[in-house]
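# Examination of the molecular architecture
Here is how the chains run, residue by residue.
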Amino acid sequence: ERRDGDQLEFLQAVREVFESLEPVVAKHPEYERNGVLERFVEPERVVKFRVAWTDDEGRVQVNRGYRVQFNSAIGPYKGGLRFHPTVNESVIKFLGFEQILKNSLTGLPMGGGKGGSDFDPKGRSDGEVMRFCQAFMTELQRHIGQFTDVPAGDINVGAREIGYLFGQYKRIRDEYSGVLTGKGLEFGGSLARTEATGYGLCYYTQEALRVLRNDSFQGKTVVVSGSGNVAIFAIEKAQRLGAKVVTCSDSNGYVYDPKGIDLDVVKDIKLGHRGRIKEYAERVPGSEYHEGCRDVWTVPCDIALPCATQNEIDGESARTLVDNGCTVVCEGANMPSTPEAIAVYQGAKLLYGPAKAANAGGVAVSGLEMSQNSYRLSWTFDEVDAKLKQIMEDIVANSLDAAKEYGREGDLMLGANAAGFVKVANAMVAQGIF
Ligand code: NDP
């Protein structure tokens, strides 16, 4: 039974990482001498604050806001903001902890952080979302800045929310700087940032398939969960790479389309009018809607790309995937697989691409957005996309090198944890105890 304040998601994330770091720590006694692991799990700072705003009926609403500034050893804190009723300190800490290693893996100078609120934007008007964002930023602005902490989007925080947040920061601080990423193209955003996480996931998967199996997306059947920012652009890139994507979902249910998902319809529903995925089956003949999102994993596939939320694949779903012939799971969402699910992947020798490596494309392009803001120029879509692809291929290579170095050849999970950790740990040792 869960008690209020239990940090179950955070402990789950730490356990997974620390178990795979055992061979790394054994090889580096200086980490133990410098208390690196003990310091690594303790956020440098956790900010928790009241967010009060008025709804369209004039009633006062109160939410809770968070920013976890986890680790700044290799750069300013960097990580998204999530607005969802399930947000609590445990969720933000697990996301911030994962973010440290993910940002390190991109090769760019970014520390780890994460934030958000238990605010639920579903059913709220634009005006309500704006007033909430303004109230949230009125407090957050005192803790962030282009050289200290640069937030971005995450679940339910997209272009609209980033626009309102940026506007409020600028209004209060009287400063035009790259303090947020994922901005609109008119005010400092980067081309290809919207597509980056989904495209990056597919570049990563394609490269891992090539190196480990001499294979590709071509002709594969793919199951995707979610229908938000990550899912939509993962579907788009997987289709362009020759795969047939047969599902997508939202928190109410999933659609199965045996002919392959018609992405224009999904975009029209989700990006056009913030509708429910159920509408897809009403519009596309031959497709089916199923109530409940969990059963999406019962659809047979070669490759599964979870792109919705944490712990969406449990041990049972993982076994069903394997029994139905799935041999690849690469994670677009953060921590979508429970520890039991990961054990199933390992037992069945799946090609398993963990979130912190496979979905690092979003923050990588956020890092490129920061560079463009500092230069005061913008690169073309193709330039950014080419850099993204290179970064994802480098992550596969660096993960495999690290896995080999620590005696677990081909293990992309251990490799990602080790490669991400060593750089941060070395920086922490070099900078002294604090
Ligand atoms: P969006 O808000 O755009 O989309 C989220 C999708 O997941 C929606 O389809 C949503 O359905 C579904 N979903 C959310 N919560 C739940 C839940 N509790 N149960 C079932 N379905 C749920 O978010 P993103 O696409 O940006 O994020 C998806 C995942 O990817 C998250 O884990 C996020 O942390 C991760 N990620 C995002 C990055 C980015 O650049 N955006 C970068 C790296 C990782 P509904 O509309 O019904 O809520």
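A quick note: this is a predicted structure, and the numbers were derived from the prediction, not measured.

## Describing the environment of Leu 165
Mapped onto the elements, Leu 165 comes out in helix 7 (residues 159–173). Between the alpha carbons of Leu 165 and Gln 134 there is a distance of 6.2 Å; along the sequence they are 31 residues apart.

## Some points on the site of the ligand
Neighbouring residues of the ligand: 24 residues in total, closest Gly 228, Asp 250, Ser 251, Ala 333 and Gly 362. Sorting elements by how many residues they give to the shell around the ligand places helix 9 (residues 229–240) first, with 3 residues. Residues of the shell around the ligand, tallied by class, amount to 7 nonpolar, 15 polar and 2 charged. Built from parts of two domains, the shell around the ligand gets at least three residues from each of domain 1 (43–183) and domain 2 (194–358).

## A closer look at the domain arrangement of the protein
Here the domain parsing of the protein yields domain 1 (43–183) and domain 2 (194–358). The straight-line distance from the C-alpha centre of domain 1 to that of domain 2 is 27 Å. At the junction of the two partners, domain 1 supplies 8 residues and domain 2 supplies 7 residues. Within the side of domain 1 that touches domain 2, the residues separate by chemical class into 5 nonpolar, 1 polar and 2 charged.

## Details of helix 13 (residues 339–347)
Inspection of helix 13 places Ala 341, Ile 342, Val 344 and Tyr 345 among the buried residues, and these make up the whole buried set. Relative to the axis of helix 13, the buried residues are bounded by an arc of 155 degrees and lie together on one face. Exposed residues on helix 13 whose side chains face more than 90 degrees from its buried face are Gln 346 and Gly 347. Check the buried side of helix 13 and you find it contacts helix 12 (315–323), strand 11 (328–330) and strand 12 (351–353).

Calculation rules
- Residues numbered from 1 in each chain as written.
- Predicted model: local features only at pLDDT ≥ 70, side-chain atom pairs only at ≥ 80, totals over all residues.
- Helix = DSSP H or I, 4+ residues; strand = E, 2+ residues; numbered from the N terminus.
- Near = placed C-beta within 6 Å.
- Nonpolar A, V, L, I, M, F, W, Y, C, P; charged D, E, K, R; others polar.
- Domains from an automatic or database assignment.
- Contact = placed C-beta atoms within 7 Å.
- Buried ≥ 20, exposed ≤ 12 C-beta atoms within 10 Å, placed from the backbone.
- Arc of directions from axis to C-beta.

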